[in-house]
Amino acid sequence: MNSAKSGRLVALADEIQGKGWRQPRKAIRVVAVLSALLAAATVFGLFDRFGIVRGEAKPQRELIAAVDLRIGNPAGAAERGEAKARDDIEAGLLQLQALGPDKLDATKARQLKQRYGIAWVHKSAKPTPLTQAFADAYNRVMLAEIERRHGRELLDALLRGEHGGVVGPQKAGTQEAAP
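Bear in mind the structure is a predicted one, so any value in this text is a computation, not a measurement.

## Examining the overall build of the protein chain
1) Next: Across its full length, the protein chain carries 7 helices and 2 strands.
2) Next: Ordered by position in the sequence, the α and β elements of the protein chain form the string α-α-α-β-α-β-α-α-α.
3) Next: Counting only contacts in the protein chain whose residues sit at least 6 apart along the sequence, the fraction spanning at least 24 positions is 71%.

Spelled out as structure tokens, the structure:
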């Protein structure tokens, strides 16, 4: 029995020291080290490709959209029409917008332009609620300015359609808004 115990002790001592019945397997260790290096190089390569390793932080493009809910709203179109009319007045333009089929009398419109500096602009053959609201608000502001510059007689003539075109359904609103 002593020999059995001593054999086990010798095998244990050889295993602790690295000698004995286990042969060192250098080939397996080399392959394992090379595989680990290859895996690390692959991971670093992917990090570099996708920009993870770089020190500079680039913000990613985000899909952010702002939706203006006034776009499909006639009240918003009216606001834009009034603002556009004020901008045109500041730029020295006097224009009236006509919607619907082109029924403008060209000679009367030309006389209006030559005599008073007022131009007719034909906007749309088929008006929509939005274009109608825009044109009504635009014309309302323009008619108030035309009345201020040229008097009530010209305004009444424009509202009756005597100068080349019909201003539109805002006739009653224009008379209330005029000073």
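## Describing a nonpolar patch on the surface
1) Next: Taken together, Val43, Phe44, Leu46, Phe47 and Phe50 make up a surface patch of nonpolar side chains, about 520 Å² in accessible area.
2) Next: Structurally, Val43 can be placed in helix α2 (residues 26–49).

## Re the side chain of Glu147
1) Next: Note on placement: Glu147 falls in helix α5 (residues 129–150).
2) Next: Take Glu147: its relative accessible area is 11%, and that puts it in the buried class.
3) Next: A distance of 3.1 Å separates the side chain of Glu147 from the side chain of Arg152, its partner in a polar contact.

## Let's talk about the pattern of salt bridges
1) Next: The tally for this structure, following the rule as stated, stands at 7 salt bridges.
2) Next: Notably, a salt bridge pairs Glu82 with Arg86, separated by 3.6 Å at the nearest N-O pair. Taken together, the residues Glu82 and Arg86, both in helix α3 (residues 74–90) and 4 residues apart, mark about one turn of the helix.
3) Next: A relative accessible area of 23% means that Glu82 is categorised as partly exposed.

## Looking at the nonpolar core
Where a protein is soluble and globular, its nonpolar side chains tend to be buried together.
1) Next: With 18 residues, the main nonpolar core has Leu96, Ile118, Trp120, Met142, Leu143, Ile146 and Leu158 as its most contacted residues.
2) Next: Looking at this core, the elements that each hand over two or more residues are α3, β1 (94–99), α4 (106–116), β2 (118–124), α5 and α6 (152–160).
3) Next: No other element matches α5, which puts 5 residues into this core.

## Some remarks on the confidence of the model for the protein chain
1) Next: Averaged over all residues, the pLDDT of the protein chain equals 77, while 72% of them reach at least 70.
2) Next: When mean pLDDT is compared element by element in the protein chain, α3 scores highest at 91, while helix α7 (residues 171–177) scores lowest at 38.
3) Next: For residues 170–179, every residue scores under 50 in pLDDT, and the model assigns this stretch 16 contacts once sequence neighbours within four places are set aside.

## As for the side chain of Gln95
1) Next: Residue placement: Gln95 occurs in strand β1.
2) Next: Within the local environment of Gln95, its side chain forms a polar contact with the side chain of Tyr138, the two groups lying 3.4 Å apart.
3) Next: If we skip the residues at most four places from it in the chain, Gln95 touches Asp88, Ala119, Val121, Tyr138 and Met142.

## Thoughts on the pairing of β1
1) Next: For β1, the tally of buried residues reaches 5 of 6 residues, placing the bulk of the element in the interior.
2) Next: Where β1 lies against β2, 6 bridges are found, and the strand directions are parallel. For Gln97, the partnering residue across the bridge sits in β2 and is Val121.

## Considerations on the packing of α5 against α6
1) Next: Between α5 and α6, the least distance of the axes is 7 Å, while the angle of their chain directions is 140 degrees. What the angle tells us is that α5 and α6 run oblique. Side by side, α5 and α6 meet where Leu143, Ile146, Glu147 and His150 of the first sit next to Arg152, Leu154, Leu155, Leu158 and Leu159 of the second.
2) Next: A breakdown of the residues in the contact of α5 with α6 according to their chemical character gives 6 nonpolar, 1 polar and 2 charged.

## What to know about the packing of aromatic side chains
1) Next: All told, the structure shown has 1 aromatic pair when counted by the stated rule.
2) Next: Ring plane angle 20 degrees and centroid distance 6.4 Å describe the contact between Phe134 and Tyr138, whose orientation is recorded as stacked. Placement of both Phe134 and Tyr138 in helix α5 is noted, with a separation of 4 residues, approximately one turn of the helix.

Calculation rules
- Residues numbered from 1 in each chain as written.
- Predicted model: local features only at pLDDT ≥ 70, side-chain atom pairs only at ≥ 80, totals over all residues.
- Heavy atoms only, no water.
- Helix = DSSP H or I, 4+ residues; strand = E, 2+ residues; numbered from the N terminus.
- Contact = heavy atoms within 4.5 Å.
- Patch = residues over 30% accessible without salt bridge, like charges linked within 9 Å, V, L, I, M, F, W, Y side chains within 5 Å.
- Areas by Shrake-Rupley, 256 points an atom, 1.4 Å probe, with all protein chains shown as cover.
- Salt bridge = Lys/Arg side-chain N within 4 Å of Asp/Glu carboxyl O.
- Buried < 20%, exposed > 50% of the residue type's maximum accessible area, 1.4 Å probe, protein only.
- Polar contact = N/O pair within 3.5 Å; in protein donor to acceptor, adjacent residues only side chain to side chain.
- Core = buried A, V, L, I, M, F, W, Y, C linked by side-chain atoms within 4.5 Å.
- pLDDT = per-residue confidence, 0-100.
- Pairing = 2+ DSSP bridges.
- Axes fitted to C-alpha atoms, helices over the stretch in contact; angles between N-to-C directions.
- Parallel < 35°, antiparallel > 145°, perpendicular 65-115°, else oblique.
- Nonpolar A, V, L, I, M, F, W, Y, C, P; charged D, E, K, R; others polar.
- Phe/Tyr/Trp six-rings, centres within 6.5 Å; stacked < 30°, edge-to-face > 60°.

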